[in-house]
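# Understanding the architecture of this molecule
Spelled out from the first residue to the last, the chains are:
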Amino acid sequence: MPEPIAGDVWRYDYLWRWQHERGETAGRKPRPVAIVAVLVERRAATNLFLLPITSSLPDQARFAIEIPQIERRRAGLDDIPLWIIIDEYNHDILEESHLFDPNARIGRFSPTFHASLLRAFARAARDRRAGRVPRD
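## What about the nonpolar core?
- Grouped together as the largest cluster of nonpolar side chains are 22 residues, with contacts concentrated most on Ile53, Ile84, Ile86 and Phe109.
- Of all the elements, helix H3 (residues 111-126) adds the most residues to this core, at five residues.
- Not counting residues up to four positions away in its chain, the partners in contact with Ile84 are Ala34, Leu51, Pro52, Ile53, Phe63, Ala64, Ile65, Ile67, Phe109, Phe113 and Leu117.
- Residues Trp10, Trp16, Ile85 and Ala104 belong to the second largest nonpolar core, which totals 12 residues.

Here you go:
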């Protein structure tokens, strides 16, 4: 089983913030997500920070980054316009997750593109523009 690492793209039952706010606890379908960060705690818990990838054009109020064609190819994604939503994320603990499929890796973004995602995510988190959706 490949271990998830920052910069990877996986299929995951992403739970949107609006679904969580309505009391839903499960994502409606597996979708591609970007693993923006993987943090291992002292107790050996692997924290995954997952950003949704969508083909729906985000509205102006959303903080999103369009995925360049070359990065879509590198990551094994469809060759259609796609965006990574930066202003919300799912947080999951790998060792406790019932949602993370160890066989659902799609591909990987380049280190340069991943670094730009990480910077954008860190900026959104610092400015309190990135909403956490827990997956426990």
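## Concerning the environment of Arg119
- Along the chain, Arg119 falls in helix H3.
- Each C-alpha atom of the pair Arg119 and Val36 lies 9.6 Å from the other, and the pair is 83 residues apart in sequence.

## Brief notes about H3
- Given a rise of 1.5 Å per residue, 16 residues ought to cover 22 Å, and the 22 Å separating the end C-alpha atoms of H3 matches this to within 8%.
- Where H3 is concerned, the buried positions are Phe113, His114, Leu117, Ala120, Phe121 and Ala124. Taken down its axis, H3 places every buried residue within 125 degrees of arc, on the same side. More than 90 degrees from the buried face of H3, the exposed residues found are Pro111, Thr112, Arg119 and Arg126.

## Here we look at the pairing of strand E2 (residues 31-40)
- Counted residue by residue, E2 has seven buried out of 10 residues, so it is predominantly covered.
- Where strand E1 (residues 8-12) meets E2, four bridges bridge the pair, whose relative direction is antiparallel. The residue bridging Tyr12 from the neighbouring strand is Arg31, located in E2.
- Here E2 folds back onto strand E3 (residues 46-54) in antiparallel fashion, the turn holding five residues, of which Ala44 has a positive phi close to 70 degrees.

## Thoughts on unusual backbone geometry
- Backbone geometry places Ala44, a non-glycine residue, at a positive phi of 70 degrees.
- Along the polypeptide, Ala44 turns up in the loop between E2 and E3.

## Concerning the pattern of salt bridges
- Per the stated rule, a full pass over the model turns up 11 salt bridges.
- The shortest N-O distance in the salt bridge between Arg74 and Glu71 comes to 2.5 Å. With Arg74 and Glu71 both in helix H2 (residues 69-75) and three residues apart, this pair spans about one turn of that helix.

## What about the side chain of Gln19?
- In this structure, Gln19 sits in helix H1 (residues 17-21).
- Taking relative accessible area as the criterion, Gln19 reaches 2% and is therefore assigned buried.
- Not counting chain neighbours up to four residues away, the residues in contact with Gln19 comprise Tyr14, Glu24, Gly27 and Arg28.

Basis of the calculations
Residues numbered from 1 in each chain as written. Predicted model: local features only at pLDDT ≥ 70, side-chain atom pairs only at ≥ 80, totals over all residues. Heavy atoms only, no water. Core = buried A, V, L, I, M, F, W, Y, C linked by side-chain atoms within 4.5 Å. Buried < 20%, exposed > 50% of the residue type's maximum accessible area, 1.4 Å probe, protein only. Helix = DSSP H or I, 4+ residues; strand = E, 2+ residues; numbered from the N terminus. Contact = heavy atoms within 4.5 Å. Expected span 1.5 Å × (residues − 1). Arc of directions from axis to C-beta. Pairing = 2+ DSSP bridges. Salt bridge = Lys/Arg side-chain N within 4 Å of Asp/Glu carboxyl O.

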